[in-house]
Amino acid sequence: MPAAVIYQPLGNQKFTLDSSTAKTLAQCDNAIGSAADAGVPAGSVRMEYMVETADIRVTDNGTAPTNSAGCLRPKNTLYAYEGDLSAFKMIGTGSAVVWVQYYGERSATR
C-alpha cells in the first residue's frame with residue numbers, strides 16, 4: 001500500500017467574484033497572513049475552497065468559465081482540488097465570496 005501524503009497548510013485567500021469576469025488564483029482580494037501570500041503560495045499542490053453567498057463555475061484547463069459555462073459549484077459547499085493551480089479559474093453566477101486554503105506536501109509518510 002502506498003504511503004499516505006501529509007499536507008501542511010500554506011495560506012488562505014479570499015476571492016470576491018461577480019458574473020462578468022473570471023479570476024485566476026493569482027487574483028485574490030485578500031491574502032490572510034503576510035504580503036508574500038498574494039497569489040498561490042510557493043509549494044502548493046492542493047487547495048480546498050468554500051463557496052459562500054452564490055454559486056460559482058470553475059474550469060481547470062486554462063479556459064475562462066462564464067456565468068453559464070464551466071463546472072457548477074453550489075454555494076455553502078467545501079471542495080478540494082489537486083491539479084494545475086495556475087490553470088484554475090472561477091466566476092460567480094452572482095456576487096460570490098470564495099475562501100481558499102492552500103496545502104503543500106510535508107511528508108510522503110505518516
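Reference entry: report on the structure contained in this document. Treat the numbers as computed from the prediction; the structure is a model and nothing was measured.

1. Some points on the side chain of serine 44
Part 1: On the secondary structure map, serine 44 appears in the loop between strand 3 (30-32) and strand 4 (46-52).
Part 2: Note on serine 44: relative accessible area 16%, which makes it buried.
Part 3: In this structure the side chain of serine 44 is engaged in a polar contact, spanning 2.7 Å, whose partner is the backbone oxygen of proline 41.

2. Topic: unusual backbone geometry
Part 1: Not every positive phi belongs to a glycine, and threonine 53 is a case in point at roughly 70°.
Part 2: For threonine 53, the location among the structural elements is in the loop between strand 4 and strand 5 (56-59).
Part 3: At asparagine 76, a position not held by glycine, the phi torsion is positive, near 60°.
Part 4: Owing to a relative accessible area of 57%, asparagine 76 belongs among the exposed residues under this scheme.

3. Some thoughts on the pattern of salt bridges
Part 1: Following the criterion strictly, the structure yields two salt bridges and no others.
Part 2: A salt bridge links glutamate 48 to arginine 46, with the shortest nitrogen-to-oxygen separation between them at 3.2 Å.
Part 3: Judged by relative accessible area, which is 23%, glutamate 48 ranks as partly exposed.
Part 4: Among the ionic pairs, glutamate 82 bridges to arginine 46, the shortest N-O distance being 2.7 Å. Note that glutamate 82 is positioned in the loop between strand 7 (77-81) and strand 8 (89-92) and arginine 46 in strand 4, a separation of 36 residues in sequence.
Part 5: Put simply, Arg46, Glu48 and Glu82 are held in one network by salt bridges that share partners.

4. A word on the nonpolar core
Nonpolar side chains in soluble globular proteins tend to end up buried together.
Part 1: Phe15, Met47, Tyr49, Ile56 and Met90 are the most contacted members of the largest nonpolar core, which has 19 residues in total.
Part 2: Those elements giving two or more residues to this core turn out to be strand 1 (6-17), strand 4, strand 5, strand 7 and strand 9 (96-107).
Part 3: Residue contributions to this core peak at four residues, all from strand 9.
Part 4: What tyrosine 49 contacts, discounting residues up to four positions off in sequence, is Ile56, Val58, Arg73, Thr77, Leu78, Tyr79, Tyr81, Phe88, Val98, Trp99 and Val100.

5. Quick look at the sheet that holds strand 6 (residues 71-73)
Part 1: As summarised here, the arrangement of the four strands in space is 2-8-5-6, forming an open sheet in which the pairing is antiparallel. The sheet is open, and its two edges are formed by strand 2 (23-24) and strand 6, each paired on a single side.
Part 2: Here strand 2 runs beside strand 8; their pairing, made up of two bridges, is antiparallel. Pairing of threonine 24 across the sheet is with lysine 89, part of strand 8.

6. A look at a nonpolar patch on the surface
Part 1: Residues Met50, Leu78 and Trp99 make up a contiguous nonpolar surface patch of about 270 Å² in total accessible area.
Part 2: Along the chain, the position of methionine 50 falls in strand 4.

Calculation rules
Residues numbered from 1 in each chain as written. Predicted model: local features only at pLDDT ≥ 70, side-chain atom pairs only at ≥ 80, totals over all residues. Heavy atoms only, no water. Helix = DSSP H or I, 4+ residues; strand = E, 2+ residues; numbered from the N terminus. Buried < 20%, exposed > 50% of the residue type's maximum accessible area, 1.4 Å probe, protein only. Polar contact = N/O pair within 3.5 Å; in protein donor to acceptor, adjacent residues only side chain to side chain. Salt bridge = Lys/Arg side-chain N within 4 Å of Asp/Glu carboxyl O. Core = buried A, V, L, I, M, F, W, Y, C linked by side-chain atoms within 4.5 Å. Contact = heavy atoms within 4.5 Å. Pairing = 2+ DSSP bridges. Patch = residues over 30% accessible without salt bridge, like charges linked within 9 Å, V, L, I, M, F, W, Y side chains within 5 Å. Areas by Shrake-Rupley, 256 points an atom, 1.4 Å probe, with all protein chains shown as cover.

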